[in-house]
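Architecture at a glance
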Amino acid sequence: MNRRDASVWISLIVAALLATSTVPAMAQSPARDMDQTEAAVLQELNLARTNPAAYAGYVEQHKRDFKNNNMVLVDGLWIKTVEGIPAADEAIGYLRKVAPAPALSASGLLVLAARDHVNDIGPKGMTGPEGSDGRRPTERIRRHGKPKSATGENIAFRPATARSIVVQLIVDDGVPDRSHRHTIFDPDFRVAGVAIGPHKNYGRMCVIDFADQMD
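Keep in mind the model is a prediction, meaning the values are calculated, not measured.

**Side note on the nonpolar core**
- By size, the foremost hydrophobic cluster in this structure holds 35 residues, and its most contacted members are Val41, Leu45 and Ile170.
- Put simply, the parts of the chain that give this core at least two residues each are α2 (36–50), α3 (52–63), α4 (85–97), α7 (162–171), β6 (191–199) and β7 (203–211).
- The element that contributes the greatest number of residues to this core is α7, accounting for 7 residues.
- Aside from chain neighbours lying at most four places away, what touches Leu45 is Leu104, Val166, Ile184, Ile208 and Phe210.

**Overview of the packing of aromatic side chains**
- In the structure shown here, the tally under the stated rule is 4 aromatic pairs.
- For the pair Tyr55 and Tyr58, a centre-to-centre distance of 5.0 Å together with 70° between the ring planes defines the contact as edge-to-face. Residue Tyr55 and its partner Tyr58 are both found in helix α3; the two are separated by 3 residues, about one turn of the helix.
- By relative accessible area, Tyr58 is classed as partly exposed at 26%.
- A cation over an aromatic ring shows up here: Lys67 above the ring of Trp78, its NZ or CZ 5.7 Å from the ring centre.
- Cation over ring: Arg181 sits above Tyr94, and NZ or CZ is 5.0 Å from the ring centre.

**Quick look at the pairing of β6**
- Within β6, 8 of the 9 residues are buried, leaving the element largely enclosed by the surrounding structure.
- Pairing of strand β4 (residues 105–106) with β6, which is carried by 2 bridges, proceeds in the parallel orientation. Across the sheet, residue Ser105 finds its bridge partner in β6, namely Val191.
- Hairpin connection, β6 to β7: the antiparallel pair is bridged by 3 residues.

**Regarding the environment of Thr138**
- Looking at the secondary structure, you find Thr138 in helix α6 (residues 137–142).
- Residues Thr138 and Gly152, spaced 14 residues apart in sequence, show a C-alpha to C-alpha distance of 7.3 Å.
- Reaching out from Thr138, the side chain makes a polar contact with the side chain of Thr151 at a distance of 2.5 Å.

**Examining the sheet that holds β7**
- The 4 strands are arranged β4-β6-β7-β5 in an open sheet whose pairing can be described as mixed. Strands with a single pairing partner mark the edges of an open sheet, and in this sheet they are β4 and β5 (151–157).
- Two elements, β5 and β7, share 7 bridges in a ladder whose sense is antiparallel. Counterpart to Thr151 in the pairing with β7 is Ala211.
- Along the sheet face, α7 touches β5, β6 and β7 and points at about 115° away from the line of β5.

**Observations regarding the pattern of salt bridges**
- Throughout the structure, instances matching the rule amount to 13 salt bridges.
- In this structure, the salt-bridge partner of Glu60 is Lys63, at a minimum N-O distance of 3.8 Å. Here the residue Glu60 and the residue Lys63 both occupy positions in helix α3, the gap between them amounting to 3 residues, near one helical turn.
- Measuring nitrogen to oxygen at the nearest pair gives 3.6 Å for the salt bridge that ties Asp133 to Arg143. Placement of the pair is Asp133 in the loop between α5 (108–121) and α6 and Arg143 in the loop between α6 and β5, with a sequence separation of 10 residues.
- Residue Asp133 is classed as partly exposed on the basis of its relative accessible area, which comes to 44%.
- According to the relative accessible area criterion, Arg143 is partly exposed, its value standing at 42%.
- Here the salt bridges do not stand alone but share partners, grouping Glu60, Lys63, Asp89 and Arg96 into one network.

**With respect to the environment of Gly57**
- For Gly57, the position within the fold is in helix α3.
- As for Gly57 and Ile92, which are separated by 35 residues in sequence, their C-alpha atoms are 8.0 Å apart.

Cut-off values and rules
Residues numbered from 1 in each chain as written. Predicted model: local features only at pLDDT ≥ 70, side-chain atom pairs only at ≥ 80, totals over all residues. Heavy atoms only, no water. Core = buried A, V, L, I, M, F, W, Y, C linked by side-chain atoms within 4.5 Å. Buried < 20%, exposed > 50% of the residue type's maximum accessible area, 1.4 Å probe, protein only. Helix = DSSP H or I, 4+ residues; strand = E, 2+ residues; numbered from the N terminus. Contact = heavy atoms within 4.5 Å. Phe/Tyr/Trp six-rings, centres within 6.5 Å; stacked < 30°, edge-to-face > 60°. Lys NZ or Arg CZ within 6 Å of the ring centre and 35° of its normal. Pairing = 2+ DSSP bridges. Polar contact = N/O pair within 3.5 Å; in protein donor to acceptor, adjacent residues only side chain to side chain. Axes fitted to C-alpha atoms, helices over the stretch in contact; angles between N-to-C directions. Salt bridge = Lys/Arg side-chain N within 4 Å of Asp/Glu carboxyl O.

Printed below as a string of structure tokens:
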């Protein structure tokens with residue numbers, strides 16, 4: 001799977017939605033386009049990217065919530081996993097070895113691209129990186145700006161905290177190539193935008209769009 005046009009992971013995620021007043025204000029202060037929970041997801045991504053070895057401790061905590069190996073309690077919901085605790089253990093090993101990556105800056109343009117996908121597929125109950133119009137992440141991102149070369153996208157469905165979102169994407173249960181994890185730690189990505197909103201079947205969904213830069 002090409003990390004430049006990242007995939008989707010059907011797991012868990014959080015709530016909310018926000019918009020700002022004008023396009024010029026958005027371009028000047030992109031962080032204001034995200035609500036508190038969306039901004040917290042970006043902060044959590046940066047916590048993991050800049051100190052992955054320390055972040056392994058949060059995945060260790062995540063292991064305590066497993067029951068019978070393949071059921072895990074996340075934000076009050078019991079979730080059936082594909083791989084169980086071994087996937088968490090594998091993620092911990094990865095975090096202890098991977099090199100830190102630069103912190104991501106907020107991009108209002110990427111927030112718009114991410115929100116497009118939430119507003120498109122959420123009400124329809126769709127999943128995956130492809131929108132109802134057939135557009136994939138890079139095409140959606142290019143509707144709002146021009147990345148230099150690299151783009152990516154992660155999607156998660158259901159629960160309720162920034163940490164749960166990021167831990168689940170890093171563990172990447174049931175995704176053999178761990179594409180979501182590799183997207184998070186891709187050092188080429190320098191900007192990101194997060195959008196969270198309702199989903200017809202899973203309750204809530206979160207889209208995170210990444211790029212090397214946006215003009």
